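Listed below are the residues making up each chain.
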Amino acid sequence: MIFFFYFFTAATGRLLVGFRKWYYNMCGFNKLGLMRDDTIHEDLDVKEALRRLPENVYNDRMFRIKRALDLSMKQQILPKNQWTKFDEDVHYLTPYLEEVIRERKEKEEWMKK
């Protein structure tokens, strides 16, 4: 019975990863060279997180976005060897965004007192 549980868990995990990769490719932003964090809607928290990014990471983001806009206007996509791969997509903005949100919530709690 234990063997079945581990087999089932491993098979489910592989299936889930396969689905995530399929969905990642279906979204299409990777075909423009974008990463997941490049597609986050820019609200006040995101703008503050972007302000905190290291300059080189911010510049890389701006290059990817400008290239994607250019390709989109031309109704083109990158050659397949230049697509952002699922395994190479890094959440570069998420840690900064989580910190900004945590700080904002902490400040809101402080102001309630």
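Presented here is a report on the structure given in the accompanying data block. Computed from a predicted model, the values in this text were never measured in an experiment.

For the rest of this paragraph, the subject is the packing of aromatic side chains. Overall, the coordinates contain four aromatic pairs when judged by the stated rule. For the pair tyrosine 24 and phenylalanine 29, a centre-to-centre distance of 5.2 Å together with 85 degrees between the ring planes defines the contact as edge-to-face. Residue tyrosine 24 is classed as buried on the basis of its relative accessible area of 3%. A residue is classified by how much of its surface remains accessible, and phenylalanine 29, at 13% relative accessible area, is buried. Here the aromatic cluster, defined as three or more aromatic residues joined through ring pairs, consists of Phe19, Trp22 and Tyr23.

Let us look at helix 2 (residues 44–52). All buried positions along helix 2 are accounted for by Asp45, Val46, Ala49 and Leu50. Considered in projection along helix 2, the buried side chains sweep an arc of 135 degrees and stay on one side of the axis. Opposite the buried face of helix 2, at more than 90 degrees from it, the exposed residues are Leu44 and Arg51. On its buried side, helix 2 packs onto helix 3 (55–73) and helix 4 (94–112).

Let's shift gears to unusual backbone geometry. Although it is not a glycine, glutamine 75 sits at a positive phi angle of roughly 55 degrees. Mapped onto the secondary structure, glutamine 75 falls in the loop between helix 3 and helix 4. Glutamine 75 gets classed as exposed once you look at its relative accessible area, which sits at 76%.

This next bit is on the environment of leucine 78. Within the element layout of this structure, leucine 78 appears in the loop between helix 3 and helix 4. Along the primary structure leucine 78 and glycine 33 are separated by 45 residues, whereas in three dimensions their C-alpha atoms are 7.0 Å apart. Beyond its immediate sequence surroundings of up to four residues, leucine 78 is in contact with Lys31, Leu32, Gly33, Arg67, Leu71 and Trp83.

With that settled, the discussion passes to the environment of glutamate 48. Here glutamate 48 shows up in helix 2. For the pair glutamate 48 and tyrosine 96, spaced 48 residues apart in sequence, the C-alpha to C-alpha distance is 8.6 Å.

Let us look at the side chain of aspartate 45. Along the chain, aspartate 45 falls in helix 2. Here aspartate 45 falls in the buried class, since its relative accessible area comes to 13%. In terms of polar contacts, aspartate 45 uses its side chain to reach the side chain of arginine 104, at 3.0 Å. Setting aside residues no more than four positions away along its own chain, aspartate 45 makes contact with Leu97, Val100, Ile101 and Arg104.

Another point: the packing of helix 2 against helix 4. Two elements in contact, helix 2 and helix 4, have axes separated by 8 Å at closest approach and are oriented at 125 degrees. Here helix 4 runs oblique to helix 2, going by the angle between their axes. Judged by the twist between their axes, the crossing of helix 2 over helix 4 is right-handed. Here Asp45, Val46, Glu48, Ala49 and Arg52 of helix 2 lie close against helix 4, whose contacting residues are Tyr96, Leu97, Glu99, Val100, Ile101, Glu103 and Arg104. Partitioning the contact of helix 2 with helix 4 into residue classes produces six nonpolar, no polar and six charged.

So, how was this worked out
Residues numbered from 1 in each chain as written. Predicted model: local features only at pLDDT ≥ 70, side-chain atom pairs only at ≥ 80, totals over all residues. Heavy atoms only, no water. Phe/Tyr/Trp six-rings, centres within 6.5 Å; stacked < 30°, edge-to-face > 60°. Buried < 20%, exposed > 50% of the residue type's maximum accessible area, 1.4 Å probe, protein only. Helix = DSSP H or I, 4+ residues; strand = E, 2+ residues; numbered from the N terminus. Arc of directions from axis to C-beta. Contact = heavy atoms within 4.5 Å. Polar contact = N/O pair within 3.5 Å; in protein donor to acceptor, adjacent residues only side chain to side chain. Axes fitted to C-alpha atoms, helices over the stretch in contact; angles between N-to-C directions. Parallel < 35°, antiparallel > 145°, perpendicular 65-115°, else oblique. Left-handed = near helix turned anticlockwise from the far one by under 90°. Nonpolar A, V, L, I, M, F, W, Y, C, P; charged D, E, K, R; others polar.

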